[in-house]
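In case you want the letters, here they are:
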Amino acid sequence: MASPSASASASPIQKSFKYDVFLSFRGEDTRKNFVDHLYHALHQKGIITYKDDEKIQKGERISEQLIRSIKDSRFHIIVFSKNYASSSWCLDELVQIMDCQKTMEQTAYPIFFDVEPTEVRHQSGAFGKAFAEHETGSRSFVLPLDYLCSTLAFCCSGSSSSLNGVIVDPENEDDVGRWRNALKEAAGLAGMELKTTFNGHEAKFIQQIVQEISLKLYFTNSSIDGKLVGMETRVRSVVSSLETGSEDVHLIGIKGIGGGGKSTLARAVFDLTSVWFEGVSFVENVREVSKGSSTGLRKLQKQVLKDVLADQNIDVTSVSDGKNKMKRMMPGRKALVVLDDVDDIEQLDALAGELTWFKPGSRIVITTRDQQVLVAHGVSIIHDVNLLSDEEALCLFSRYAFKKDIPNQGYEELSSKVVHYAAGLPLTIKVLGSHLCGRSDHVWKDAIERLKTIPDDQTLKRLEISYNGLEYDQKDIFLDVVCMMKYSHKEIAIKILDSCGYYAEIGLGVLEQKSLITISNFGELDFHDRIEEMGWNIVRRSHPNEPRRHSRLWIKKEIEDILVKELGTKATRSMYLGYSFLHSNIIMKGIRNMEELRLLIVDGNGKEVDEVSKYLPDALRYLCWSLYPFRSLPEMFQANNLVNLKMQWSNITELWEGGERKVFNKLKFLDLSNSLKLRTFDLSMTPHLEELNLNQCKDFVELQSPVECPNLKILNLSRSKVSHLNIGMVPHLEKLYLEDCSHLKEIHAPVGCLKKLVYFRLSKCLNVEYLEVDKQHESASLIDTVEIKVGCEDVTNDYRGFGFICIYDEHRSSWSGNLEKLFGFGSCVCENQEYFLATICDLQHLRELTLSQSIPQDLWQLESLEKLSLSVQRFQLLPDSIFMLKNLKSLELDFCRALEQLPENICRLECLEELIIWDCELLLSIPNNICRLKCLKRLELFCCKNIKKLPEELGSLECLKELWIEDTDINRLPQSIYQLKGLRIYGFRKQLESYGFTSILADENRRWHAKDYYVEL
């Protein structure tokens, strides 16, 4: 195989254009107003613009000049106005523009000045009137006399070809057809409509056009960094947030992982927008310079002053002097200042301490790895840097490795492996691309194999900067998380880490702020592969070839070797052994020397064991052993430090052998669910227990509570054989699960024991004979409102198939009566649907409700309802009562497969923030009145295959932040939607590409797919 350089070809040479922009317009409509203002705004930003009355040379024929200028312009702005179509000259001009639009290098932008896109597309209104005149033959245009004579002479010769760029065709119908096609094509392009943008404010509208053209020019100009990939959407988002038309001083933050492209993004924004400001300064390496010497901050202050004021004689004697000078001198010039790589609030205090230091209209952009620095300084606009998609990453890598946009032939697979390793991190892509450039395939293969065991050093050094900035306990939290908690739910991770003595919630928050971890929309912990690699390297690097001396063990092969050879040491503090064929006796013996082991997770195999060899380290604080094979805990185990014990599917019959009653003085969480041999449990052994889970312990018959257990908040005895339950000794119980307890006959709840109960589940317990609920438990300590969640989703032959979930929020004055309702619902609602429907509408403080099968007629009475979820397959129309819910914020329609349309009066839901429609396959359209929902933030249409279009005025929904249109038949987005800056549009990749989007991002916080793809306007 040839080396990459041998077959590399240069990137395609871009065509050079004489003009940046060509303006096409109807002179009598817009020459002296809108177009004149637009032309001067473009000119002021350094954008070379052709406007026919400005560039025509004396004695030159207009048609030749126009056609040549159209072809010599990179962008064409077409200003459609009322009389545009009445000019055949404008229409011929448009035909030429649309021909140029078919190339990859030229782009047309339609601007709808005082006409609507539908008028242009369908030639209706003023455009229809103009075409009626054209079709009757009254085509009028003015030509120079010499040009007209030569044209007539040429026609008389019998030729039917073109002359000097103007097509002369005696068949007027052909002209009309070409014009119609050109108008239809132009109206279908992404453009802007004055009426629906900034409420028709022309100055802001022009500013938006100029900003859009500036962005496009920046990313198509061949003189800029050819290695910028995937930046257009990211830059557009930041530039939009600059709000350059505002006279306020704005602080904008850019935060993200080290090496993720923050500085590159900030530099691109700076280069693009510098011309819009009177003074500019890009301050690099703020962290490094400020901490590199005692004069670091002073040097940076001096740089800002010199750059912005263009005065090289300015001196700063101290940080205090620098602050005073900035406060006194900076307000004189509208400035753009970029502070790159900030990691301390002190740096911001010195360089941008107060907004009053800057002239109105100034912008300060700050990049950092630590979000808290931005929050503490009052930065409200914060952009997360999205890593590169697979396609963007491959393109960037190819530009470094092959000097073109795609890999050389024969290197496709190798390139994909490198890109997969980099996982979208630009720094790693650049480093590896540069390293492999010009090398043979043998070197490539060796490098890829090496990366599997020896990570790239440059990347690790950059990433470790964030780790070094952590407190000692935060470093421990980070290492535990990256070694054994990837994809764990945040709440579970907090419980584990808290059990180990950490302040986990604060710690995880810091890790997220410093971009070391991310927390998905579903609460899962995640982190970049290179962050994970960095954490592993920190654990292993002191003794790379001696795993037994590592503080954390997570690699199964290494753990098995240590256990079999009994090589454990005190160095090991945390260990996670995934499913292994090792015998449990070997595991017990192998951990004997791990005396400081505090966290142990074992995925057991359930093999029979010798009870004699049991051993656990006394230092254990968190123990999770699924399929624990022994009948009890080791006799010699002193569980004085144990906080969390989790043994699901265990073989346990009792915690201590022989009925011993050793007390767990620190145990807070105990999970023995699915332990089929456990029959009884004594709460007196766990005086500090907060959660007890005995779900699916199918032989469990008795919960003993001889003494009060004041801390127990959650108790789950579902699917057990408990027949009598006295919860009098657990006065602070908040959640009680008794689902499918078929043997349960009696529940006793004495005075005051239920005052904190917020969740109670008693479904499929049809043998309950006695339920005592004390009605005199009111007390001053009872909180004003209590949230109650009731569930009855299980459908059996005993029930009538009515499913519901509701959250109830009610004042304590009516709590007792509704507590009885709560117990009643849990046991009998599915048997008496009519009673439930009649009762539920009396719950005036109900906040959330999910219904299937039926909808109450008096739903409008639920005045406090904020969230309504419906999954009712039979109805074709939504009942009017729904649209009387004035406080409704979220409406979900799931699998309503008979629903054919949404009513126009949906606009009455004035507070609605979310409208989510899933799998409503007969729904044909979304009503136009939805555009009056001014609070709507999220519109989700998923698997609604018959929806073909969105309302044309959707762009009037100024609060809209997310639009999901996956698996719909929408083939075009409304023109108005492009004015919703910051809107994320989610869809399938090919679907988004069909709308003309190129910078498509992948959302790793996925829901159903491997990735959710989106664009951000």
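Note: the structure precedes this text.
All values reported here derive from a predicted model rather than from experimental measurement.

Let's shift gears to the sheet that holds strand β10 (residues 381–384). Note on sheets: strands pair through backbone hydrogen bonds, and any given pair is parallel or antiparallel. Read from one edge to the other, the open sheet built from five strands follows the order β7-β8-β9-β6-β10, with strand pairing classed as parallel. One side of each edge strand has no neighbouring strand; the edge strands of this open sheet are β7 (279–283) and β10. With strand direction ignored, the average angle separating the axes of adjacent strands in the sheet is 15°. Where strand β8 (residues 335–342) meets strand β9 (residues 363–368), five bridges bridge the pair, whose relative direction is parallel. Directly across from L336, in β9, lies its bridge partner R363.

This part covers the nonpolar core. Membership of the largest hydrophobic core comes to 63 residues, with the highest contact counts inside it found for L616, L655, F681, L692 and L738. Among the elements of the structure, α28 (556–564), β14 (574–577), α29 (584–590), β15 (599–603), β16 (622–626) and β25 (746–749) are those that each provide at least two residues to this core. It is α28 that provides the largest number of residues to this core, a total of three residues. L655 has contacts with S632, L633, L645, F664, L670, L672, F681 and M685, leaving out every residue within four places of it along the chain. L912, L939, I985 and L1017 belong to the second-largest nonpolar core, a separate cluster that totals 56 residues.

The phi angle at A310 is positive, at roughly 55°, despite the residue not being glycine. Its identity as a non-glycine residue notwithstanding, K403 has a phi of 65°, on the positive side. Taking relative accessible area as the criterion, K403 reaches 44% and is therefore assigned partly exposed.

Taken N-terminus to C-terminus, the directions of helix α24 (residues 472–484) and helix α26 (residues 504–513) make an angle of 80°; their axes are 10 Å apart at the nearest point. Between α24 and α26, the crossing angle belongs to the class labelled roughly perpendicular. Here Q474, I477, F478 and V481 of α24 lie close against α26, whose contacting residues are A504, G507, L508, V510 and L511.

Within helix α3 (residues 34–44), burial applies to F34, V35, L38, Y39, A41 and L42. Along α3, the residues classed as buried sweep out an arc of 165° about the axis, all on the same side. More than 90 degrees from the buried face of α3, the exposed residues found are H43 and Q44. Looking one or two residues past α3, G46 carries a phi angle of roughly 80°, positive in sign.

Okay, the pattern of salt bridges next. Counted according to the given criterion, the structure contains 46 salt bridges. The closest approach of N and O atoms between R661 and D682, which form a salt bridge, is 3.4 Å. Of this pair, R661 sits in the loop between β17 (644–646) and β18 (669–671) while D682 is found in strand β19 (residues 680–682), placing the two residues 21 residues apart along the sequence. Beyond isolated ion pairs, a larger network of salt bridges with shared partners links D476, D480, R552, R573 and R598.

Along the polypeptide, E464 turns up in helix α23 (residues 457–468). Reaching out from E464, the side chain makes a polar contact with the side chain of R541 at a distance of 2.8 Å. Ignoring sequence-local partners within four residues, the contact set of E464 consists of M534, I538 and R541.

Next up on the list: the sheet that holds strand β4 (residues 107–112). Strand order in the open sheet formed by five strands is β2-β1-β3-β4-β5, with parallel pairing between adjacent strands. The open sheet has two edge strands, β2 (49–50) and β5 (192–193), and neither has a second partner. Strand direction decides the pairing type here: strand β1 (residues 19–24) and strand β3 (residues 73–80), joined by five bridges, are parallel. If you follow S24 over to β3, its bridge partner there is I78. Together, β1, β2, β3 and β4 form the strand contacts of α3, whose direction differs from that of β1 by roughly 175°. Each of β1, β3 and β4 is contacted by helix α6 (residues 88–101), which is oriented at about 135° to β3, the strand it contacts most.

Conventions adopted
- Residues numbered from 1 in each chain as written.
- Predicted model: local features only at pLDDT ≥ 70, side-chain atom pairs only at ≥ 80, totals over all residues.
- Heavy atoms only, no water.
- Pairing = 2+ DSSP bridges.
- Helix = DSSP H or I, 4+ residues; strand = E, 2+ residues; numbered from the N terminus.
- Axes fitted to C-alpha atoms, helices over the stretch in contact; angles between N-to-C directions.
- Core = buried A, V, L, I, M, F, W, Y, C linked by side-chain atoms within 4.5 Å.
- Buried < 20%, exposed > 50% of the residue type's maximum accessible area, 1.4 Å probe, protein only.
- Contact = heavy atoms within 4.5 Å.
- Parallel < 35°, antiparallel > 145°, perpendicular 65-115°, else oblique.
- Arc of directions from axis to C-beta.
- Salt bridge = Lys/Arg side-chain N within 4 Å of Asp/Glu carboxyl O.
- Polar contact = N/O pair within 3.5 Å; in protein donor to acceptor, adjacent residues only side chain to side chain.

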